[in-house]
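Residues per chain, in single letters:
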Amino acid sequence: MAKNKKGEDKDMGRVAIYPGSFDPITYGHIDIIERGLEIFDKVILAIAENEEKRPLFSVEDRLRMVKSFFKDNPNVIVDSFKGLLVDYVGKTNAKVILRGLRATSDFEYEFHMASMNRSLNTHLDTLFMMTSKDYFFVSSRTIKEVARLGGAVEGLVPDLVVRRLKEKFKLPVPKKRQIGWDD
Ligand code: PNS
């Protein structure tokens, strides 16, 4: 395989890691990946295995949903990791961590995380992309809450995720009813 001056493999091109919980993946995440692929040749979507966060979906379920969505896109590599992100990044040929920013409220958390990762590995940078206006209110947490309470999340997450959320919460189809004085 061809190498560059630093002895790195040239063939993979520019690679970014897009880490997260993806519990579940949303169109907000997908938007960042698609725009990330305008800058990078490959994006490694890395699902963090962190049971402390008490995820709704197992890592296997999350992998299945993400792999199914990107099955026709060879430039998105789907993987999972345990432990420190910097250790995982070190095992790949990525040089950049890609993260989305929705609002100023995300900034502090992201700033701390990027600074800590940079202090653990000084060669590693984090690149932030602003979430598109259509998705700035979308997060996995709110998607789960709305779905659990029977609200519509169609158009905010892929269809497969909508189906998996409905199965997970075993919700009855809501009936319309009149509310009057006798209720
Ligand atoms: O989608 P999330 O939950 O905001 O993603 C957070 C994630 C998974 C990127 C972050 O928690 C992480 O990198 N976890 C791995 C453990 C780690 O490296 N922690 C130190 C970073 S400050």
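Thresholds, definitions, all that
- Residues numbered from 1 in each chain as written.
- Predicted model: local features only at pLDDT ≥ 70, side-chain atom pairs only at ≥ 80, totals over all residues.
- Heavy atoms only, no water.
- Helix = DSSP H or I, 4+ residues; strand = E, 2+ residues; numbered from the N terminus.
- Contact = heavy atoms within 4.5 Å.
- Salt bridge = Lys/Arg side-chain N within 4 Å of Asp/Glu carboxyl O.
- Buried < 20%, exposed > 50% of the residue type's maximum accessible area, 1.4 Å probe, protein only.
- Polar contact = N/O pair within 3.5 Å; in protein donor to acceptor, adjacent residues only side chain to side chain.
- Pairing = 2+ DSSP bridges.
- Axes fitted to C-alpha atoms, helices over the stretch in contact; angles between N-to-C directions.
- 1 Å grid on protein atoms, 1.4 Å probe; cavity = no way out; pocket = protein on both sides within 12 Å on 5 of 7 lines; lining within 4 Å.
- Points joined across faces, edges and corners; volume = space filled by probe spheres on them.
- Nonpolar A, V, L, I, M, F, W, Y, C, P; charged D, E, K, R; others polar.
- Arc of directions from axis to C-beta.

Asker: If you had to explain the side chain of Lys 42 to someone new, which residues and values would you point to?
Answerer: Structurally, the position occupied by Lys 42 is in strand S2 (residues 42-48). Beyond its immediate sequence surroundings of up to four residues, Lys 42 is in contact with Met 12, Arg 14, Val 15, Ala 16, Leu 37, Pro 74, Asn 75 and Ile 77.

Asker: Explain the pattern of salt bridges to me, and be specific about the residues and the numbers.
Answerer: Under the defined criterion, the tally for this structure stands at 12 salt bridges. The closest approach of N and O atoms between Arg 14 and Asp 41, which form a salt bridge, is 3.5 Å. Taken together, the positions of Arg 14 in the segment before strand S1 (15-20) and Asp 41 in the loop between helix H1 (27-36) and S2 put the pair 27 residues apart, joining distant regions of the chain. We classify Asp 41 as partly exposed; its relative accessible area is 33%. One salt bridge in this structure joins Glu 49 and Lys 82, with 3.8 Å as the shortest N-O distance. Taken as a pair, Glu 49 in the loop between S2 and helix H2 (59-69) and Lys 82 in the loop between strand S3 (76-81) and helix H3 (85-90) lie far apart in primary sequence, 33 residues in all. Of the residues examined, Glu 49 reaches a relative accessible area of 27% and is grouped as partly exposed. A relative accessible area of 64% means that Lys 82 is categorised as exposed.

Asker: Can you break down the side chain of Ser 140 residue by residue, with the values?
Answerer: Mapped onto the fold, Ser 140 is located in helix H5 (residues 140-148). A distance of 2.8 Å separates the side chain of Ser 140 from the backbone oxygen of Pro 24, its partner in a polar contact.

Asker: Provide a residue-level description of the sheet that holds strand S5 (residues 125-130), including the pertinent values.
Answerer: In space, the five strands of this open sheet follow the order S3-S2-S1-S4-S5, with parallel pairing throughout. Each edge of the open sheet is held by one strand with a lone partner, namely S3 and S5. Along the sheet, successive strands turn relative to each other by an average axial angle of 30 degrees, direction set aside. Here S1 runs beside S2; their pairing, made up of six bridges, is parallel. Note that in S2 the partner of Gly 20 across the bridge is Ile 47. Taken strand by strand, H1 contacts S1, S2, S3, strand S4 (96-101) and S5, and its axis lies near 115 degrees from that of S5. Most of the contacts of helix H4 (residues 104-120) go to S4, to which it runs at about 170 degrees, and overall it touches S4 and S5.

Asker: Give me the layout of surface pockets: which residues, what numbers.
Answerer: When its volume is computed, the largest pocket comes out at roughly 1300 Å³. Forming the walls of the largest pocket are 46 residues, and the residues nearest its centre are Gly 20, Ser 21, Lys 53, Arg 99 and Tyr 109. Taken together, the elements giving at least two residues each to the lining of the largest pocket come down to S1, H1, S4, H4 and H5. Sorting elements by how many residues they give to the lining of the largest pocket places H4 first, with nine residues. Tallied by class, residues from the lining of the largest pocket come to 19 nonpolar, 15 polar and 12 charged.

Asker: Before we move on, can you summarise empty space enclosed by the protein with the specific residues and values?
Answerer: Tallying each qualifying case throughout the model produces one cavity of 30 Å³ or more. Lining the largest cavity, in full, are Pro 19, Leu 85, Ile 97, Arg 99, Glu 110, Met 113, Ala 114, Asn 117, Thr 126 and Phe 128. Breaking the lining of the largest cavity down by element, the ones donating at least two residues are S4, H4 and S5. Ranked by residues supplied to the lining of the largest cavity, first place goes to H4 with four residues. Per-class residue counts for the lining of the largest cavity are six nonpolar, two polar and two charged.

Asker: Which residues make up helix H6 (residues 159-169), and what values do they have?
Answerer: Buried within H6 we find Val 161, Val 162, Arg 164, Leu 165 and Phe 169. End-on, the buried residues of H6 take up no more than an arc of 165 degrees, which puts them together on one face. Across H6 from its buried face, at more than 90 degrees, point the exposed residues Asp 159 and Lys 166. Buried-residue contacts for H6 involve H2 and H5. Just downstream of H6, Lys 170 is the residue with a positive phi angle, here 40 degrees.

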